[in-house]
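# Architecture and fold: a report
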Amino acid sequence: MSDVSTNAPQAKYRNDYQAPLFAISETDLVFELDDHQTMVTNTMKIQRVGEDSDLVLVGENVSLLKVTLDGRILGESDYTQTEKDLRIHQVPDAFVLEVMTQIDPANNSALEGLYKSAGTFCTQCEAEGFRRISYYLDRPDVLSVFTTKIVAPKQGFPYLLANGNPIAHAANDTHHSVTWHDPHPKPAYLFALVAGDFDVLEDHFETQDGRDVLLQIFVDKGNLSRAQYAMDSLKRSMAWDEERFGLVYDLDIYMIVAVDFFNMGAMENKGLNIFNSKYVLADAKTATDQDFINVESVIGHEYFHNWTGNRVTCRDWFQLSLKEGLTVFRDQEFSADMGMRSVQRIQDVRIIRSHQFEEDAGPMAHPIRPDRVMEMNNFYTVTVYNKGAEVIRMLHTLLGENGFQAGMRLYIDRHDGQAVTCEDFIKAMEDANSADFSQFRHWYAYAGTPQVQVHYDYDVERQEGSLVLTQTTPDTPDQKDKPAFHIPIQVEFIDDQGVSVEVHVNDSPLDLIELTEREQCIRFKGPKAPLIPALLGNFSAPIKLIFEQNEDELLAIMRGASDPFLRWDASQRIYRNSLLTAIHEDTDVGLSEAMLDTLSSVLKDAKQDAALTALLLQIPNEETLAQEFDIIPVADVVRVVGELRALLALALKDELMFVWERTDIANAGLDSALISQRMLANTALGYLAFHHDDAQISSVLKQQFYHSASMTLTFGALAAAVHADHPLCHSLLDDFAKKWQGHALVMDKWLAVQASAPDWGSAERIDYLTHHSAFNWTNPNRIYALLASFTHNLGQLHAQDGLGYQLLESAITRLNASNPQVASRLLSPLLKWKRLPEALQTALHDTLVRLRKLNNLAPDLHEKLSQALEEK
Ligand code: TRP
Ligand code: ZN
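All of the points below concern the structure found in this document.

Reading the values: the criteria
- Residues numbered from 1 in each chain as written.
- Chains lettered and ligands numbered in written order.
- Predicted model: local features only at pLDDT ≥ 70, side-chain atom pairs only at ≥ 80, totals over all residues.
- Heavy atoms only, no water.
- Near = heavy atom within 4 Å.
- Polar contact = N/O pair within 3.5 Å; in protein donor to acceptor, adjacent residues only side chain to side chain.
- Areas by Shrake-Rupley, 256 points an atom, 1.4 Å probe, with all protein chains shown as cover.
- Helix = DSSP H or I, 4+ residues; strand = E, 2+ residues; numbered from the N terminus.
- Axes fitted to C-alpha atoms, helices over the stretch in contact; angles between N-to-C directions.
- Parallel < 35°, antiparallel > 145°, perpendicular 65-115°, else oblique.
- Left-handed = near helix turned anticlockwise from the far one by under 90°.
- Contact = heavy atoms within 4.5 Å.
- Nonpolar A, V, L, I, M, F, W, Y, C, P; charged D, E, K, R; others polar.
- Phe/Tyr/Trp six-rings, centres within 6.5 Å; stacked < 30°, edge-to-face > 60°.
- Buried < 20%, exposed > 50% of the residue type's maximum accessible area, 1.4 Å probe, protein only.
- Lys NZ or Arg CZ within 6 Å of the ring centre and 35° of its normal.
- Pairing = 2+ DSSP bridges.
- Donors = N, O, S within 2.8 Å, 3.2 Å for Na, K, Ca; no water.

### Quick look at the site of ligand 1
In the neighbourhood of ligand 1, 16 residues make up the surrounding shell, with E126, A266, E268, H301 and Y385 lying closest. The side chain of H301 places a nitrogen or oxygen atom 3.1 Å from an oxygen atom of ligand 1. Within the side chain of Y385, one N or O atom sits 2.9 Å away from an oxygen atom of ligand 1. Isolated, ligand 1 exposes 370 Å² of accessible area, and the fraction of that covered by the protein chains is 96%. Contributing elements (two or more residues each) for the shell around ligand 1: β20 (266–267), α3 (289–304) and α4 (320–338).

### A closer look at the packing of helix α5 (residues 341–360) against helix α10 (residues 564–584)
A pair of packed helices is characterised by two quantities: the angle between their axes and the separation of those axes. The geometry of α5 relative to α10 is characterised by a closest axis approach of 9 Å and an angle of 45° between their N-to-C directions. Relative to α10, the element α5 lies oblique. As α5 packs across α10, the resulting crossing turns out to be right-handed. Mapping the contact onto sequence places S342, I346, V349, R350 and R353 in α5 and P564, F565, W568 and D569 in α10. Counted by class, the contact of α5 with α10 contains five nonpolar, one polar and three charged residues.

### What to know about the packing of α5 against helix α6 (residues 382–415)
One way to put it is that α5 packs onto α6 with a least axis distance of 10 Å and a crossing angle of 125°. Judged by the angle between their axes, α5 and α6 are oblique. Between α5 and α6 lies a crossing whose hand is left-handed. Residues R345, I351, I352, H355, Q356, E359 and D360 of α5 pack against V382, T383, N386, K387, E390 and R393 of α6. Residue classes in the contact of α5 with α6 are distributed as three nonpolar, four polar and six charged.

### Some thoughts on the side chain of T381
When you line up the elements, T381 lands in the loop between β23 (372–373) and α6. Other than its neighbours up to four places away in sequence, T381 contacts E359, H366 and N386.

### Brief notes about the packing of aromatic side chains
All chains considered together, the criterion is met by 35 aromatic pairs. Here Y249 and Y254 contribute two aromatic rings whose centre-to-centre distance is 5.2 Å and whose plane-to-plane angle is 80°, an arrangement assigned as edge-to-face. Assigned by exposure class, Y249 and Y254 land together as buried. Between the aromatic rings of Y303 and F304, the centroid separation amounts to 6.0 Å while the plane-to-plane angle is 70°, which identifies the pairing as edge-to-face. A cation over a ring is seen here: R236 above Y229, with NZ or CZ 5.3 Å from the ring centre.

### Some details on the sheet that holds strand β17 (residues 199–206)
Taken in spatial order, the five strands line up as β17-β18-β19-β21-β20 in an open sheet, and their pairing is mixed. A strand with exactly one partner marks an edge of an open sheet, and here the two such strands are β17 and β20. Taken together, the eight bridges between β17 and strand β18 (residues 212–219) define a ladder with antiparallel strand orientation. Within β18, the residue paired with E202 across the bridge is Q216.

### Some details on the coordination of the zinc ion (ligand 2)
Surrounding the zinc ion (ligand 2) are the protein donor atoms H301 (NE2), H305 (NE2), E324 (OE) and E324 (OE), which sit 1.9 to 2.7 Å from the metal. As a motif over one chain, the donors of the zinc ion (ligand 2) read H-x3-H-x18-E. Separated by 19 residues along the polypeptide, H305 in the loop between α3 and β22 (313–314) and E324 in helix α4 bring together distant segments of the chain.

This is the structure we're talking about:
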């Protein structure tokens, strides 16, 4: 008997779903809070709804003190307790069960269940954290009405919060209590409790039906002013959801609590969101424009979950994308409507291409609706979230806004108050539109990134053209020989004058191709002039398009396409081609005069949108380029990306200086024009900093660093210096640390900028920084800033000396014991050992094998390692 097999976590399969055998109509909780001995009394009204059997409740890391059934204290013979469950024998059809447990929040470093974040008690129950509080039917299809009483010392805990509305208060000399009642039945993963001392920012929102909602944001004392942007974002979210989706808030109070220790971004607990403080606190002095944008987007995301997630929830965790894909789509649309739609879209596409395509090509590839899960925390992925959102977006593209909204209304009408599946969502979209999405459902079922190969032909004389599209989807672990997908491909055409023109199929304009066959030919009629097709407008499907177009054609698209995404994409294809040529031919990287002229004229054109200009100038990074290879030539990739940066810095120096000088560094305002201007200034400075011996550029760096009004520009200057390894980077890093020591969220930027720098961010430097006072092994934000950033630094992570692997191995070993969820996130970029050249491959494989043999390997790591090492 090997201990590996007996302790091995078990996989669960989507197809094994079984409805619950019991319902819990009411759940009454009493918490007597204490750092190490919190007592939880959980009184449940339970009814049998399935076949005759024992009641099995799950629990983890809880000490069972007492079980009472209908008032009778149960003895040892009435139940069986194992490490993970509590089986109560021969229960009646309807009964009241009271379970008393004791837990230790102050030693809960995994940050799941009830834990202490600095001085604050808080909870995180998604996905399976409630079982660390009490024995329960901890599954999303068991919905219950919760009443929660919290008892705590008055000293240190003036605020006692839970879901719903407060219904009772009590106090003696030392302690007090508040009781909350949530009228909406909910699964346990949406339960929340908070106890602590805060400053509270209050406001109100009047719903479209005239109800007044009290809005409260709880932050650490002294931080009130940094919560204002979050509050404004919340009000914008509420108004937008009414306006665009017709969805109105349903309680009288909406609370948000910011905590410093949190594994993820935020959590949509009913009426009581708990947020990582990094997505609440923002002011111009300490936050960059991107931080403000992130706050708005996460506030929106959690708010939108109130309908897509809470009112209509998931039947089981395999359906996670039902709520996450849809809610990410909604938050992306919210951000697009609030800010710059095309910039938002390009940023979203960059995430898909750099991270989701990578995941889809690795050992943990999974469909947006996975079939097999060992540790649910491993499936809060860019596939489930972001590819899930792309799948929803394709439905939106196919149905149009009106058809999509009709589907949404039917979905909500049908399923309000229920726990449902992805199938229920797609069925509602079909029924509301009399559409047939049988083939479209493959997007839910299959992993891997479909590739579409394009052949194009146009006969100017006959004014007739054709596009032949061929699709294939690569095999992924467990899935081979995939069927053809239903793929919407938006198209436009550029004529010889460089402008976008219409072509026709049977007299109607061709702007959307619905590819459904493995191979499909589209014939169209156009003008009496050469035509250049520009395909996959707005990134209308999460696919790889393989279409060789020459540089003249790409430049025509870059200058003339009406779709800003296509203009940007053409620039990226030109960069990619020159990077790949330099690797394949082992030559220096070059860019054509025509491309440089185009960039130059874009930079000089004051009418161009500054943000889009910045995006055009940003070349693919090392990680993105690495995707082009089955075996990644790490050193070559790092060389050519560095060369292209230097080339642009040299060739466009005057133009870059010209746009930099146009920037208003004294105005920290947050309107789109100023944000765009700062984005361009930072991009320009990022290149200019490669001129190490230029006095003018040194003075520009210093001016932007020391004398600008917003953190965006201050930090932009620091990032430019560090990433270009400019001689000033030492003094700027020192001065930044002196000024911001003690401001953890700001120091996270200081850690991250070093960890992501090609030259500066060596494993030795990162190792040194783990001993810096700005770093802390117990706080996920610090670990993500330093170590997760390092895992995306391709050259340094995969350095020849193996120090990158060593650093990560020891970090993951340490975190396996304290916070497996965070350890597992650091592990993902290491799983692709098979894609590295031989020496690195061996070193990385050995690292994974050693990790696999760790004592008490957490299920999170077990799942990924066994998958990557291809254990049967
Ligand atoms: N549902 C949360 C979201 O909207 C995700 C989340 C927050 C989460 N905290 C978590 C998931 C902890 C797993 C574990 O994004
Ligand atoms: Zn979410």
